[in-house]
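# Observations on chain architecture
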Amino acid sequence: MSETIQETDTKTTQNTTTTRRVSGSEAILEIFLKEGVETLFGYPGGAIMPLYDVLYHYNDPLKHILVRHEQCSVHAAQGYARVSGKTGVVLATSGPGATNLVTGLADAMIDSTPVVCITGQVFAPLLGTDAFQETDIINITSPVTKWSYQITDAEEIPAVLSKAFYIAASGRPGPVLIDITKNAQVQEFDFAYEKCEHIRSYRPKPVVRKEYVEQAAELINAAKKPMVIFGQGVILGNAEKEFKAFIEKGNLPAGSTVLGLSALDSDHPLFVGMLGMHGNYAPNVMTNECDVLIAVGMRFDDRVTGRLDKYAKQAKVVHLDIDPAEIDKNVKADVPVWGDCKETLPMLTKLIEEKKHTEWVAQFKELAKKEDEVCIKKELYPETDVLSMGEVVRILNEITGGDAVIVSDVGQHQMVACRYAKFTKSKSNVTSGGLGTMGFGLPAAIGAKLGAPEREVIAVVGDGGIQMTIQELGTIMQNNIGVKILILNNHYLGMVRQWQELFMQRRYSFTDIESPDFVKLASAYDITSARVEQRDQLKAALEAMVKHEGSYLLEVKVGRENNVFPMVPQGCSVSEIRLS
């Protein structure tokens, strides 16, 4: 820190605020500390260099993780935020450093992850001159952020960053990008800071309308076949206990979106499985059989609904969401319940009647048996000599007891992990949902481990996805991050290949992928590693991975042309889900 700080006392109308003379860069770091930031993910460069120069003196209170690519800094911040419940923070330079953030920002935006990104920018007088490494990052990122803003004067820093942290974490969370010119980073000013608690015209939590809660309760109480579908909103609202109390009082069968997984214990008797294209048979089919559909903290995306014109047309829909823009966007709600589900769920629970719905709940169990017989047993206990992804996840469950954080990439392995991983704690399933970003898994696992160092964090990745961000093995090596990496290697871009098999007459157009020797590669990064190709080696290898102190990479060779079922073909209704 600077040793030439000048302090003065400035009177305000409400309190006495201590100010001191600091540079814009030091102000940024002081704000991080006041906002409770502990970990930063970033990559230095010319336009952000003044901030990094001051960061050199903040090495103890702020832990900086040097990633190997700026995209990975956002994914790491996402993993950190998803398991810790805190806001992830990213630093990057101008030009390509800033543009490399865009994929991560888009992912965080659609998956409602709170991230604050600080980018450096050229000196203010050079703006608009096509200066070296100048890009208009504000206009580039405005569609994929909750808010983006450019600072050209250091005196703006306290107010703008205060708003940035407030906007990122409040209401429906999301990413914010603040672009700061180089002159603002070195300029000195009288610094004082107050946390933002209100912004005019920005209402992160809509006013709860009690009459809608009452109408929702009336529908639920009159229902003969009620069904709940829940998403990540339950986790983001820290409303797991309230949600559990709600479904238990009404004995309401509940299905989860991909991002909602772990909000409810996997073995809870009312949990009926995962919804969606590769979700479980029962919740998909029964969506078109229920008479009241209660959606909690989810957005009715196309992977969950299938064909909208054939989705739950027989049901009255109750939609609880903190974001009014999601109400009626895809599915018309008969009763919209705006507000934070932490607040609205207890209000609703108080009004609903205790019910059994014994026969209705039993129908879910019957359909689950059918799925188990047709495809689950074959996936978890294959009768061939070829290893399956499902049996790997099944054995992993036995070893971890469902206590681990599972971070998956995107592809067949992702759907298998989401379908079969067991979760006993919330904030345990981290994956790219809405954007489906290959390469997400490895950097997100790094962030997750730093966000929850006491928990076992296992990155379940494919041979295709990991090669998009495999350079982050260097980040693991340099920072000694104890992430376990489980590569399910089928030598294909598996999800695309599955579609090519089923819908394109096996025309495997450029989905056969060759990979490096992952074990040798891990060794080059000083990461302990092993490879498994035989079933009799699998359990011992997984146990060795989990028990190992520090990072570990395990490659498991699985069936090349194994498919993930059930599956709702694109353009079909959820009732047309295929078991094989």
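To be clear, the structure that these remarks concern was listed above.
First, a word on what this report is: a plain description of the structure on this page. Here, residues in each chain are numbered from 1, in the same order as that chain's written sequence. Residues qualify for local features only when their pLDDT is at least 70, as the model is predicted, and side-chain atom pairs are given and counted only at 80 or more; totals for whole chains, interfaces and linings, by contrast, use all residues. Each side-chain value is derived from all of the structure's non-hydrogen atoms; neither hydrogens nor water enter the calculation.

Next up on the list: the overall build of the protein chain. Segments assigned H or I by DSSP are reported as helices when at least four residues long, segments assigned E as strands when at least two residues long, and all are numbered from the N terminus. A tally of regular secondary structure across the protein chain gives 22 helices and 21 strands. Taking 2.2 N^0.38 as the reference for a compact globule, 580 residues should give roughly 25 Å; the C-alpha atoms of the protein chain span a radius of gyration of 25 Å, in line with that estimate. Its C-alpha atoms put the protein chain at 75 × 65 × 40 Å along the principal axes. To sort residues, take the accessible area from a 1.4 Å probe on protein chains only and compare it with the maximum for the residue type: under 20% means buried, over 50% means exposed, and anything in between is partly exposed. Within the span of the protein chain, comprising 580 residues, buried residues form 59% of the whole. Every radius of gyration here is taken over C-alpha atoms, with the globule rule written as 2.2 Å times N^0.38, N being the number of residues.

Attention now moves to helix α22 (residues 535-547). Between its terminal C-alpha atoms α22 stretches 19 Å, which fits the 18 Å expected from 13 residues at 1.5 Å a residue. Turning to α22, its buried residues number three or more, namely Leu-538, Ala-541, Leu-542, Met-545 and Val-546. Around the axis of α22, the buried residues are gathered within 130° of arc, so they sit on the same side. Away from its buried face by more than 90 degrees, α22 exposes Asp-536 and Lys-547. Helix span, as expected, comes to 1.5 Å for every residue beyond the first. Summarising the geometry, the arc corresponds to the directions from the helix axis toward the C-beta atoms.

Bringing the side chain of Asp-111 into the picture now. Assignment of secondary structure puts Asp-111 in the loop between α5 (102-110) and β6 (115-121). From its side chain, Asp-111 meets the backbone nitrogen of Gly-433 in a polar contact 2.8 Å long. Residues are treated as being in contact if the distance between any of their heavy atoms lies within 4.5 Å. For Asp-111, the residues in contact, after removing those within four places along its chain, are Arg-82, Gln-232, Leu-259, Thr-431, Ser-432, Gly-433 and Gly-434. Polar contact criterion, stated in full: a pair of N or O atoms within 3.5 Å, where within protein one must be able to donate a hydrogen and the other to accept it, and residues adjacent in sequence count only if both atoms are side-chain atoms.

Two cysteine sulfur atoms make up a disulfide if the distance between them is within 2.5 Å. Within the structure shown, the criterion is met by 0 disulfides. With no disulfide of its own, Cys-290 lies closest to Cys-572 among cysteine sulfurs, the gap being 20 Å. The exposure class of Cys-290 is buried, given its relative accessible area of 0%.

Any Lys or Arg side-chain nitrogen located within 4 Å of an Asp or Glu carboxyl oxygen qualifies as a salt bridge. Taken as a whole, this structure holds 25 salt bridges when the rule is applied. Note that Asp-323 and Arg-172 form a salt bridge whose closest N and O atoms lie 2.9 Å from each other. A residue pair is termed long-range when its members are at least 10 positions apart, and Asp-323 in the loop between β14 (316-321) and β15 (335-338) and Arg-172 in the loop between α7 (157-169) and β8 (175-181) qualify at 151 residues. Looking at Asp-323, the relative accessible area reads 18%, which means it is buried. The exposure class of Arg-172 is partly exposed, given its relative accessible area of 22%. Two residues, Asp-302 and Arg-303, come together in a salt bridge whose shortest N-O distance is 3.2 Å. A relative accessible area of 38% means that Arg-303 is categorised as partly exposed. The network of salt bridges with shared partners includes Arg-172, Asp-323, Glu-326 and Lys-329.

Two strands qualify as a pair provided that DSSP identifies no fewer than 2 bridges between them. Bridging between strand β20 (residues 528-532) and strand β21 (residues 552-557) involves 5 bridges; their strand directions are parallel. The residue of β21 that forms the bridge with Ser-529 is Leu-553. Handedness of the β20-α22-β21 crossover: right-handed. With its strands directed away from the observer, a crossover is right-handed exactly when the path from the first strand over the helix to the second travels clockwise.

The values reported here are purely geometric and, on their own, carry no functional implication.
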